[in-house]
Amino acid sequence: MRDRIVAGLTSIVGATDVLVDSDLRRTYETDWTGRFSGTCTAVVRTSSTREVAEVVRFCNSESVDIIAQGGNTGLVGGGVPRSSSDRPSIVLSLCRMNSIRDLDTAAAQVTAEAGTTLSEWRDHARASGLDTPVDFAARDSATIGGAIATNAGGSRVLRYGTMRQQVLGIEAVLGNGEVVGSLSGLPKETVGLNWPSVLAGSEGTAAIVTSARLRLVPRYDQTITALVSVANIGAAVELLGQLRKSVSSLDAVEVIEPAAMDLVAEHLDVEQPVRASQVGTYMLIDCAGHNDPSSELADAMAAANGVIDAAIATEGPPRERLLAFRDRITEAIATRAQRIGLPPLKLDVAVPLNALGQLLEIAQQAADDDGALLVPFGHLAEGNIHLNYLGATNLDQVTETVLTKVAEMGGTISAEHGIGIAKSRWLHLIRSPGDLAAQRAVRRVLDPNGILNPGVLTPDA
Ligand code: 2HG
Ligand code: ZN
């Protein structure tokens with residue numbers, strides 16, 4: 001069976017792009033955090049949509065599961081093989097498919113293949129005086145296909161929305177090998193189901209995204225970043241309100257809780273740039289405009305209560321130094337996790353802004369009960385907090401406690417990382433049985449034999 005699968009795949013993509021050796025497969029079989037891993041028959045690296053379609057048709061006829069993978073930066077186990085699977089599976093790596101074409105400045109659009117990294121997308125846009133609306137710390141490895149599959153968000157969501165809002169056209173391969181979608185990118189078109197909407201957030205189930213027509217945004221050369229300490233999370237939310245009201249250049253408003261600030265400062269071996277006494281929390285505010293945003297930012301900060309201290313930088317290395325306090329938290333957590341010898345438990349959740357304080361208290365209680373260190377940070381503007389637990393041992397208990405409360409608060413159990421296999425057991429907290437049945441039915445139509453990322457997203461009936 002194994003030989004037959006390998007021979008079939010080799011006849012489609014060639015021997016050098018079918019990796020069967022366990023040493024070569026390893027980095028594709030374990031996720032970035034080291035929490036999720038499994039074994040696959042082979043890693044298959046495709047270089048065109050035609051090859052993807054042929055691979056899918058072959059796997060469909062042989063009942064081989066397909067785990068599509070981009071940069072393998074996912075955090076919920078959705079992009080690596082399942083250890084529990086009893087069917088043969090392949091990892092379909094789209095990283096070879098990274099060409100970018102047809103940039104149209106008048107339409108502010110570009111077409112990128114699924115394996116294009118967020119950095120490549122951004123560099124390409126910037127070379128034409130434009131910019132990309134989605135950005136996050138994993139930009140050098142994370143790919144367009146993965147970002148669409150998880151409906152990734154990142155820091156610019158308050159200005160431009162999530163990945164879903166950036167996809168004007170899509171090309172994807174269904175579970176039977178059929179190629180669907182269009183890359184014309186017409187902003188106005190009403191001709192039935194909209195594939196970008198169907199597939200954004202579908203996590204490699206239902207179809208494999210091969211290319212997308214993506215929105216671009218203006219490139220602003222006047223930037224300002226502020227790292228601000230405030231008295232408590234309520235003061236942070238109040239300042240967010242001021243910023244939204246009066247700062248037209250607002251790009252990102254992030255939150256860094258003291259435990260995250262301490263960890264990243266230690267990791268980077270630098271002093272914290274703002275006064276820390278009595279600090280409740282920290283905010284990272286990023287503005288970008290065609291005109292200098294300094295005075296509108298200063299006015300908004302002066303109008304808010306509870307601001308303790310601020311460090312401000314306009315561009316170059318001083319600004320990079322401030323941004324690093326937010327960008328490098330995940331890396332700081334990974335380093336500490338490695339030292340402890342336990343992967344971090346990552347709960348990406350969002351709640352209404354007025355529930356943030358309560359969420360942090362409950363999350364802290366769950367950490368204390370388990371003897372774990374809680375490191376919270378995230379995207380304040382969307383009420384999206386990344387609750388990272390270091391040294392946690394009762395993972396299910398912590399997850400159950402936090403996600404149940406999040407659901408009771410009217411929040412979501414996944415804001416931007418997806419459900420993967422990490423959270424599918426808890427999807428019922430925020431989706432009704434009828435809703436889940438409908439989602440399963442849609443999946444069955446698009447992927448009749450259930451070969452695309454089984455076990456991910458919707459739990460089995
Ligand atoms: C971020 O906002 C990413 O930096 C990663 O979503 C979050 O490591 C995490 O928990
Ligand atoms: Zn995030």
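Heads up: these notes are all about the structure in this document. The structure presented is a predicted model; accordingly, all values stated were derived computationally and were not measured.

Thresholds applied
- Residues numbered from 1 in each chain as written.
- Chains lettered and ligands numbered in written order.
- Predicted model: local features only at pLDDT ≥ 70, side-chain atom pairs only at ≥ 80, totals over all residues.
- Heavy atoms only, no water.
- Helix = DSSP H or I, 4+ residues; strand = E, 2+ residues; numbered from the N terminus.
- Rg over C-alpha atoms; globule rule 2.2 N^0.38 Å.
- Contact = heavy atoms within 4.5 Å.
- Lys, Arg positive; Asp, Glu negative; His and termini not counted.
- Charge placed at Lys NZ, Arg CZ, Asp CG, Glu CD.
- Donors = N, O, S within 2.8 Å, 3.2 Å for Na, K, Ca; no water.
- Buried < 20%, exposed > 50% of the residue type's maximum accessible area, 1.4 Å probe, protein only.
- Pairing = 2+ DSSP bridges.
- Axes fitted to C-alpha atoms, helices over the stretch in contact; angles between N-to-C directions.
- Near = heavy atom within 4 Å.
- Polar contact = N/O pair within 3.5 Å; in protein donor to acceptor, adjacent residues only side chain to side chain.
- Areas by Shrake-Rupley, 256 points an atom, 1.4 Å probe, with all protein chains shown as cover.
- Nonpolar A, V, L, I, M, F, W, Y, C, P; charged D, E, K, R; others polar.
- Salt bridge = Lys/Arg side-chain N within 4 Å of Asp/Glu carboxyl O.
- Parallel < 35°, antiparallel > 145°, perpendicular 65-115°, else oblique.
- Left-handed = near helix turned anticlockwise from the far one by under 90°.

**Describing the overall build of the protein chain**
Along the backbone of the protein chain there are 15 helices and 18 strands. The C-alpha radius of gyration computed for the protein chain amounts to 22 Å, which stays within 12% of the reference 23 Å derived for 461 residues, consistent with globular compactness. Taking contacts inside the protein chain between residues at least 6 apart in sequence as the whole, the part at least 24 apart equals 75%. Put simply, the protein chain has 39 plus and 54 minus side-chain charges, and the middle of one group is 3 Å from the middle of the other.

**Details of the coordination of the zinc ion (ligand 2)**
Within the first shell, the zinc ion (ligand 2) binds the protein through His379 (NE2), His386 (NE2) and Glu416 (OE), at distances of 1.9 to 2.1 Å. Taking relative accessible area as the criterion, His386 reaches 5% and is therefore assigned buried.

**A closer look at the sheet that holds strand E16 (residues 345-350)**
If you trace the 7 strands from one edge of the open sheet to the other, you get E15-E12-E14-E13-E17-E18-E16, paired in antiparallel fashion. The open sheet has two free edges, formed respectively by strand E15 (307-313) and E16, since each of these has just one partner strand. Going from strand to strand, the sheet's axes swing by 15 degrees on average, the running direction of each strand aside. Where helix H10 (residues 294-303) meets the sheet, its contacts fall on strand E12 (222-230), strand E14 (281-289) and E15, and the angle it forms with E12 comes to roughly 15 degrees.

**A short note on the site of ligand 1**
In the vicinity of ligand 1, the contacting residues are Leu75, Arg326, Thr330, Lys346, Phe377, His379, His386, Asn388, Glu416 and His417. Between ligand 1 and the protein, one listed contact pairs an oxygen atom with a side-chain N or O atom of Arg326 at 2.6 Å. In isolation ligand 1 has 290 Å² of accessible area, and contact with the protein removes 90% of it. Of all the secondary structure elements, the ones that give two or more residues to the shell around ligand 1 are strand E17 (373-379) and strand E18 (384-390). Here the residues of the shell around ligand 1 sort into 2 nonpolar, 5 polar and 3 charged.

**What to know about the sheet that holds strand E5 (residues 100-104)**
Strand-to-strand pairing in sheets goes through backbone hydrogen bonds, with the strands running parallel or antiparallel. If you trace the 5 strands from one edge of the open sheet to the other, you get E5-E6-E10-E8-E9, paired in antiparallel fashion. Two strands bound the open sheet, and with one partner strand each, they are E5 and strand E9 (179-182). Pairs of neighbouring strands in the sheet enclose a mean axial angle of 15 degrees, with direction left out of account. With 7 bridges joining them, strand E8 (residues 167-174) and strand E10 (residues 207-215) adopt antiparallel strand pairing. Paired with Val173 across the two strands is Ile208, which belongs to E10. Running over the sheet, helix H3 (residues 49-62) touches E8, E9 and E10 and is turned about 40 degrees from E8.

**Section: the pattern of salt bridges**
Counted according to the given criterion, the structure contains 24 salt bridges. For Asp131, the salt bridge goes to Arg156, with nearest N and O atoms at 3.6 Å. Remark: Arg156 occurs in the loop between helix H5 (144-149) and helix H6 (157-160) and Asp131 occurs in strand E7 (residues 130-131); sequence separation between them is 25 residues. With respect to burial, Asp131 and Arg156 carry one shared label: buried. Residue Asp286 pairs with Arg319 through a salt bridge whose shortest N-O separation is 3.2 Å. With Asp286 in strand E14 and Arg319 in helix H11 (residues 316-327), the pair connects residues that are 33 residues apart, well separated along the chain. Comparing Asp286 with Arg319, the two get one shared label, buried. Taken together, the salt bridges that share partners define one network made up of Arg126, Asp131, Arg156, Arg159 and Asp251.

**Topic: the environment of Arg35**
Inspection of the secondary structure puts Arg35 in the loop between helix H2 (22-29) and strand E2 (42-45). Of the residues examined, Arg35 reaches a relative accessible area of 24% and is grouped as partly exposed. On a C-alpha basis, the gap between Arg35 and Asp269 in space is 27 Å, while along the polypeptide they are 234 residues apart. Other than its neighbours up to four places away in sequence, Arg35 contacts Pro343, Pro344, Leu345 and Leu395. A polar contact is formed between the side chain of Arg35 and the backbone oxygen of Pro344, at a distance of 3.0 Å.

**So, the pairing of E18**
A regular strand places its side chains so that they alternate between the two faces of the sheet. Burial analysis of E18 places 7 of its 7 residues in the buried class, the great majority of the element. Burial of the side chains of E18 extends over both faces: Asn384, His386, Asn388 and Leu390 are buried on one face and Ile385, Leu387 and Tyr389 on the other. Inspection of the sheet shows E16 paired to E18 by 6 bridges, in the antiparallel sense. Each residue of the ladder has a partner; that of Lys346, found in E18, is Asn388.

**What about the pairing of E10?**
The buried fraction of E10 amounts to 8 of the 9 residues, a majority that puts the element mostly inside the structure. As defined by bridge partners, strand E6 (residues 109-113) adjoins E10 across 5 bridges and the pair is classed as antiparallel. What sits directly across from Thr111, in E10, is Arg213.

**A closer look at the packing of helix H13 (residues 356-370) against helix H14 (residues 395-408)**
Close contact between H13 and H14 brings their axes to 10 Å; oriented N to C, the two are set at 165 degrees. Comparing their axes, H14 and H13 come out roughly antiparallel. Two packed elements cross with a definite hand, and for H13 against H14 that hand is right-handed. On H14, the residues that touch Leu359, Ile362, Ala363, Ala366 and Asp370 of H13 are Val398, Val402, Lys405 and Val406. For the contact of H13 with H14, the per-class residue count stands at 7 nonpolar, no polar and 2 charged.

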